[in-house]
Amino acid sequence: MGLISIAIITIVFLAIYSFYKKNFDPKEKLKGPLQLPIFGSLLSLGKLPHHTLMRWANKYGKVFRLYMGDYRTVVVSDPVMIREIWVKNFEIFSDRPHLPTFEYLSDGYHDLSSSDYTLWKHNRSIVGNAFSKMKLKNVGTHLDRQCKLLLKRMKEFQDSGEVFYPRNHLKKFSLNIILSMVFSEEVSYDEGVSGRVLEQLIKPMDRIFELSGTGNPLDFIKILGPVSMFLIKLMVQKDYHLIKGYLSQLYEEHLKNVDPNNPRDLFDQIITSEYPSAKEKNILGISSDMISAGTDTSATTLFWFFLYMCNNPHIQEKAYNEIKDIVGSDKEVLLSHRISTPYTYAIIKEILRIRPIGPLSIPRSCNEDCQIGGFEFYKGDQLIMNIFAVHHDEQYWTEPDRFIPERFLSNNHAEYWIPFSIGPRNCVGLNLALDEIYIAVANILFNYKITSESGNLIDDTEVFGLTTHPNDFGVKLESRF
Ligand code: HEM
């Protein structure tokens, strides 16, 4: 028998075994859709995986199983089970799955977002402490400055009557908040001036996330083994080196004159912390996390804000009146106004509910066989929290597909409003994100009436990606003064 025949017989055998194991394993108690051999559900998740998974949850249960390639994956859309897994049994589900993409991009899991429990605990406390110290010092100053720059940019569009395309301006707003807090750097709003940051940081990051988005078969098919790592490196290493080069340069510059007693920014605090090993790798990994996780997330939520305000002029008017009555002649909305503007804050919560930018959160893995809530979990399982499904569940929300900020006025829905996930490994940037979104939303509403460019409703269909965002659109700005 020739080599080709042996290879074909092996592949057929593996495919039959894989089909049997994924669909008819006698120890499997969870229901789920029929799985393809080798790929499992990887090819059937569609363009909007969170919608597909929500449909399957309706059919197979709020805790169901599928396979992403070789990984048994349990998808959870029930807030009670989410609490059991992500909070009460956190230590069993604290880690991320070990995937070649995560491994390569984090230089062997040396960062915050993909590290394993022991290192994660250490790095999380460094970032947590750094944020608390910054909070006391000057977060408000960074937010105010960046908000003023954004409003100034918007004014130029309003004065000229030109259509304003919010997406890139919002990205710069969020990026600048992170850059100034972490590195004391800033990108100019004028195109071109920001060449270095754009070419070495933002564009490479965007390209990497496009390539390595959810469900890359190279990550999930174990038989591909070393070939996967080789191909992933081939695809992302140029961009990866650009990002690491940019961060390494900042690291060297900061090292020259860092004063541990008087840190200038978050990076100084990260640099001056102790690490169990691989100090430089961890520093670069954590700072790269801050930029990748902290920029597009808040910016995309603000992008949705523009859309929902154009499509709901009565809601926009109601929030404007609330802010105007509170702020009066001060000309500027501050963080301290948030408590007195509950309707505006309810708008933010409703945007994060109806269009959570990370609808499937970031996956976790199970580190021991266990039974929780009557369901079996096995070591090595991947866990997916379907935030979108929880946020659109009719059991918890009246008319979940409608944009109704009022629903948050009488009830904060804390049990099932989970855009930042829950538990000890939830979003570390939660408070910063809510602060920056509030500052931007409230000041934009106070200064401008926003309408769609065409006068028609803007399409609110999502595009799945690093963050789930709308298709690009432009708006008209009318001054409130
Ligand atoms: C609207 C804004 C944002 C949303 C909806 C959001 C949402 C999330 C979610 C769902 C997770 C996964 C948590 C888990 O595994 O349980 C996460 C993790 C993370 N987020 Fe955010 N995020 C936002 C903004 C930010 C900002 C501004 C930062 C900047 C510092 C940030 C930094 C991170 C980091 C570093 C992680 C990984 C945490 C860890 O593994 O310990 N996020 N975020």
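Our subject is the structure that appears above.
Read on for a plain summary of the structure. (Residues numbered from 1 in each chain as written. Predicted model: local features only at pLDDT ≥ 70, side-chain atom pairs only at ≥ 80, totals over all residues. Heavy atoms only, no water.)

**With respect to the coordination of the iron atom of the ligand**
Right, so step 1: Among protein residues, the single donor to the iron atom of the ligand is Cys427 (SG), with a metal-donor distance of 2.3 Å.
Right, so step 2: Looking at the secondary structure, you find Cys427 in the loop between helix 16 (387-391) and helix 17 (430-447). (Donors = N, O, S within 2.8 Å, 3.2 Å for Na, K, Ca; no water. Helix = DSSP H or I, 4+ residues; strand = E, 2+ residues; numbered from the N terminus.)

**Quick look at the site of the ligand**
Right, so step 1: In the neighbourhood of the ligand, 28 residues make up the surrounding shell, with Arg96, Trp120, Arg364, Ser421 and Cys427 lying closest.
Right, so step 2: Trp120 places a polar side-chain atom, nitrogen or oxygen, 2.7 Å from an oxygen atom of the ligand.
Right, so step 3: One nitrogen or oxygen atom from the side chain of Arg124 is found 2.9 Å from an oxygen atom belonging to the ligand.
Right, so step 4: Those elements that place two or more of their residues in the shell around the ligand are helix 5 (117-137), helix 12 (279-294), helix 13 (296-311) and helix 17.
Right, so step 5: Split into classes, the residues belonging to the shell around the ligand amount to 15 nonpolar, 9 polar and 4 charged. (Near = heavy atom within 4 Å. Polar contact = N/O pair within 3.5 Å; in protein donor to acceptor, adjacent residues only side chain to side chain. Nonpolar A, V, L, I, M, F, W, Y, C, P; charged D, E, K, R; others polar.)

**So, the pattern of salt bridges**
Right, so step 1: A complete count under the given rule lists 22 salt bridges for this structure.
Right, so step 2: Here Asp107 and Lys281 are joined by a salt bridge, their closest N and O atoms 4.0 Å apart. Of the two residues, Asp107 is situated in the loop between helix 4 (100-105) and helix 5 and Lys281 in helix 12; the sequence distance between them amounts to 174 residues.
Right, so step 3: You can call Asp107 partly exposed: its relative accessible area is 31%.
Right, so step 4: The closest approach of N and O atoms between Arg207 and Asp239, which form a salt bridge, is 2.6 Å. In this pair, Arg207 is assigned in helix 8 (residues 195-211) and Asp239 in helix 10 (residues 225-256), connecting sequence segments 32 residues apart. (Salt bridge = Lys/Arg side-chain N within 4 Å of Asp/Glu carboxyl O. Buried < 20%, exposed > 50% of the residue type's maximum accessible area, 1.4 Å probe, protein only.)

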